[in-house]
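Secondary and tertiary structure notes
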There are 2 protein chains.
Amino acid sequence: MKILITSGGTTEPIDSVRGITNHSTGKLGRELAEIFLKNGASVDFITTKHAVKPATTTNLALHVIQTTRELEEKIKDLLQNNRYTAVIHAMAVSDYRVKSTLERSEFASILSENLQKSKDISQIERTLETLATDNSKNKKISSNAEMLVVTLEKTPKIIQMIKQIQPNTLLVGFKLLVDVPREELLRVGLENLKKNNADFVLANDLTKITNDTHYGMLIENEKNLTEVNTKKEIAEIIFKKIKERGEYYEK
Amino acid sequence: MKILITSGGTTEPIDSVRGITNHSTGKLGRELAEIFLKNGASVDFITTKHAVKPATTTNLALHVIQTTRELEEKIKDLLQNNRYTAVIHAMAVSDYRVKSTLERSEFASILSENLQKSKDISQIERTLETLATDNSKNKKISSNAEMLVVTLEKTPKIIQMIKQIQPNTLLVGFKLLVDVPREELLRVGLENLKKNNADFVLANDLTKITNDTHYGMLIENEKNLTEVNTKKEIAEIIFKKIKERGEYYEK
């Protein structure tokens, strides 16, 4: 059994020393890698610099990335060159990356110039669309400006590329919400499952994650869901489900 | 000898799961703490969650903070209640924090409304000034918007508060530049020394920091500077200087 796991959180650079970071310790990803490795699987593990790594190293290949763009390249490369029983996409991926960074006065001056003919909403939106700055790794924004205006653009949905490249792999997605009722978690989880063409989604809630506990709802479809309360249990239920469905699929 | 060291990098939340992070491992701060602890000093060590901590714990008090605001409160509190021979401010502090986060359409609509009378630059600037969103810890931005417009405001210069509260402490500041010639590093370092009313500034260049090496220029004034090439040497030269000047000052 060969498994691809993503873990940790991406960082999108604002400049050479600042970045927008998705905080993720990587503990759940590590737990997942350990259970598969312990049971004889080989694991490709895509992770980020500050995330924790599995202790077991036999049959483990580590791939360290930083940005969403690097993740996209790495995941495509691995999917094109390997056949995975399952892909478990536990990494917290930036939804947005920096498109432009301008000092307030520069921003106002560009906008004012572009609004000479029309100052309606669509003209403002079009102007925002044209802004783009090179967040080169070799530059650091001067800290003299009183205010900066930053535009962020959506990153591509990497999870949606997985089944496009490898339609027969089992895909496990993750959905993190913040302080919602159980029904809402289920509803958004099911929505997410369909949208990403995933086989399972682990829906969880930031307010129900502590050092010792990690409530999670593994959703397979409207009728099949399992609720667990620790990272270890999350890893165990995902392993069990992949093993059942994966063995069937590998026959 | 009692020393206050700041280390690591602050994070400014965008929402409950995203933040603007100043990447800093805290390795230099740890090296500094170790040399002072080894030589019998007691150390107050302000640091951040992901930064490395000193191995020596005797005479060490750890204070973990996240945001620039929390750093400001903690540093003021410690300076008001302790007398330090020196304050070594090695933490990478966010220059900016998030003031507002809006979807492009919301942003354009607010702006358009505010520009009905005038669309000149100063009116755009005034409108930007009025934007403010609550980056509450309990909310996560929906990831449906194609583009977000974020305004960032300058954070207060915490280093400039240090001598105001404790004028007789020896202050060591840090200035990180990216890929500049030696003369430029010296010029900006001296400027920084005066601006922050510091006794020493350690000027360094991101392109001259690797796992093994860390070029640094410790500047005392136009005529007194020492150049070193590793974190260990940086810690040693700072310890030596503080010891010399601190002993004189403590007599």
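Everything here concerns the structure above.
In short, a report on the structure. Every value quoted in this text rests on a predicted model; they were computed, and no experiment measured them.

A word on the overall build of chain A. Helix and strand content of chain A: seven helices and 12 strands. Going through the 251 residues of chain A one by one, you find that 55% of them count as buried. For chain A, long-range pairs separated by at least 24 residues make up 67% of all intrachain contacts whose partners lie at least 6 apart in sequence. Working note: accessible area of chain A is about 11600 Å², and carbon and sulfur atoms make up 47% of it. Taking the average place of the 37 positive charges on the side chains of chain A and the average place of its 34 negative ones, the gap between the two points comes to 2 Å.

A few words now on helix H4 (residues 121-130) of chain A. Regarding H4(A), the residues found buried are Gln123(A), Ile124(A), Thr127(A) and Leu128(A). Each buried residue of H4(A) lies within a common arc of 140° when the element is viewed along its axis, so the set occupies one face. Where H4(A) is buried, its residues meet strand E7 (96-103), helix H3 (104-114) and strand E8 (147-154) of chain A together with helix H3 (104-114) and strand E8 (147-154) of chain B.

This part takes up the relation of the copies chain B and chain A. Of the transformation superimposing chain B on chain A, the axial component is 0.0 Å and the angular component is 180°, with the fit at an RMSD of 0.1 Å. Viewed as a symmetry operation, the transformation between the two copies matches a two-fold axis. With an isologous cut-off of 70% or more, the 100% of interface residues of chain B that recur at the interface of chain A puts this contact in the isologous class.

Bringing the interface of chain B and chain A into the picture now. Counting residues at the interface gives 48 residues for chain B and 48 residues for chain A. Between chain B and chain A, roughly 4800 Å² of surface is buried when both sides are summed, and carbon and sulfur atoms account for 58% of that area. For the pair chain B and chain A, the interface holds two salt bridges. Between Arg104(A) and Glu129(B) there is a salt bridge, and its shortest N-O distance comes to 2.6 Å. Taken together, chain B and chain A are joined by 13 residue pairs in polar contact (both at pLDDT 80 or more).

Time to look at the packing of H3(A) against helix H4 (residues 121-130) of chain B. The contact between H3(A) and H4(B) brings their axes to 8 Å, and the two run at 125°. What the angle tells us is that H3(A) and H4(B) run oblique. For H3(A) against H4(B), the interelement crossing comes out right-handed. Two secondary-structure elements touch here, H3(A) through Arg104(A), Ser105(A), Phe107(A), Ala108(A), Ser109(A), Leu111(A) and Ser112(A) and H4(B) through Ile121(B), Ile124(B), Glu125(B), Leu128(B) and Glu129(B). Split into classes, the residues belonging to the contact of H3(A) with H4(B) amount to six nonpolar, three polar and three charged.

Now for the packing of aromatic side chains. Under the defined criterion, the tally for this structure stands at three aromatic pairs over all chains. Judged by centre distance (6.0 Å) and plane angle (70°), the ring pair of Phe107(A) and Phe107(B) falls under edge-to-face. Here the residue Phe107(A) occupies a position in helix H3, and Phe107(B) occupies one in helix H3, the pair thus bridging two chains. The buried category is assigned to Phe107(A), whose relative accessible area is 1%. Lying across the ring of Tyr215(A), Lys208(A) places its NZ or CZ 5.2 Å from the centre.

Moving on, we get to the pairing of strand E4 (residues 42-47) of chain B. Residue and element names in this part refer to chain B. Of all six residues in E4, five are buried; the element is thus mostly enclosed. Pairing between E4 and strand E5 (residues 60-64): five bridges, direction parallel. When the bridges of E5 are listed, Phe-45 appears paired with Leu-62.

Take the sheet that holds strand E3 (residues 18-22) of chain A next. Neighbouring strands of a sheet are bound in pairs by backbone hydrogen bonds; such pairs are parallel or else antiparallel. Strand order in the open sheet made by the four strands is E2(A)-E3(A)-E3(B)-E2(B), with antiparallel pairing throughout. Edge positions in the sheet fall to strand E2 (11-13) of chain A together with strand E2 (11-13) of chain B, since each of these pairs with one other strand and no more. Along the sheet, successive strands turn relative to each other by an average axial angle of 25°, direction set aside. Relative to E3(A), E2(A) is paired through three bridges, and the arrangement is antiparallel. Note that in E3(A) the partner of Pro13(A) across the bridge is Gly19(A).

Attention now moves to the pattern of salt bridges. In this structure the tally under the stated criterion is 28 salt bridges over all chains. Between Arg97(B) and Glu153(B) there is a salt bridge, with the nearest N and O atoms lying 3.5 Å from each other. Placement of the pair is Arg97(B) in strand E7 (residues 96-103) and Glu153(B) in strand E8, with a sequence separation of 56 residues. Taking the relative accessible area as the measure of exposure, Glu153(B) reaches 24% and is therefore partly exposed. Glu227(B) is the partner of Arg182(B) in a salt bridge, and the nearest nitrogen-oxygen pair spans 2.9 Å. One end of the pair, Arg182(B), is in helix H6 (residues 182-195); the other, Glu227(B), is in strand E12 (residues 225-228), with 45 residues separating them in the sequence. Each of the salt bridges in this network shares a partner with another, and the network as a whole consists of Lys163(A), Asp199(A), Glu220(A), Lys241(A) and Arg245(A).

Calculation rules
Throughout this description, residue numbers start from 1 for each chain and increase along the sequence as written. Labels follow written order: the first chain is A, the first ligand is 1, and so on. Two thresholds apply to this predicted model, a pLDDT of at least 70 for residue-level local features and 80 or more for giving and counting side-chain atom pairs, whereas whole-chain, interface and lining totals are computed over all residues. Values shown for side chains rest on all heavy atoms present in the structure; no hydrogens or waters enter the calculation. Working definition: helices are DSSP H or I runs of at least four residues, strands are E runs of at least two. Numbering for both runs from the N terminus. Only protein chains enter the accessibility calculation, which uses a 1.4 Å probe; a residue whose area is less than 20% of its type maximum is buried, one above 50% is exposed, and one in between is partly exposed. Residue contacts follow a heavy-atom distance rule, with two residues in contact if any of their heavy atoms lie within 4.5 Å. Here the accessible surface of atoms and residues is derived via Shrake-Rupley with a 1.4 Å probe, and residues count as covered only by protein chains that are part of the display. Only four residue types enter the charge count, namely Lys and Arg as positive and Asp and Glu as negative; His and the chain termini do not. Charged groups are reduced to one reference atom each: NZ for lysine, CZ for arginine, CG for aspartic acid, CD for glutamic acid. The arc refers to the directions leading from the helix axis to the C-beta atoms. Least-squares superposition aligns the copies on the C-alpha atoms of those residues with pLDDT at or above 70 in both. Values labelled buried area give the accessible surface lost by two parts on being combined, using a 1.4 Å probe and summing over both. Each salt bridge in this description consists of a side-chain nitrogen of Lys or Arg and a carboxyl oxygen of Asp or Glu lying within 4 Å of one another. What qualifies as a polar contact is a pair of N or O atoms within 3.5 Å, subject to a donor-acceptor requirement within protein and to the restriction that residues adjacent in sequence count only when both atoms come from side chains. Whenever a helix is involved, its axis is fitted only over the stretch in contact; in every case the axis is a line through C-alpha atoms, and angles between N-to-C directions fall within 0 to 180 degrees. Any angle that falls under 35 degrees is termed roughly parallel, while one over 145 is termed roughly antiparallel, one within 65 to 115 roughly perpendicular, and all others oblique. Definitions for this section: a left-handed crossing has its near helix turned counterclockwise from the far helix by less than a right angle. A right-handed crossing has that turn clockwise. Charged means Asp, Glu, Lys or Arg here, nonpolar means Ala, Val, Leu, Ile, Met, Phe, Trp, Tyr, Cys or Pro, and polar covers whatever is left, Gly included. Only Phe, Tyr and Trp rings are paired, with Trp represented by its six-membered ring, and only when their centres lie within 6.5 Å; those with planes under 30 degrees apart are stacked, over 60 edge-to-face, the remainder tilted. Charges are assigned to positions over rings by a cutoff of 6 Å between ring centre and Lys NZ or Arg CZ, combined with an angular limit of 35 degrees from the ring normal. In this description, strands pair whenever DSSP reports at least two bridges between them.

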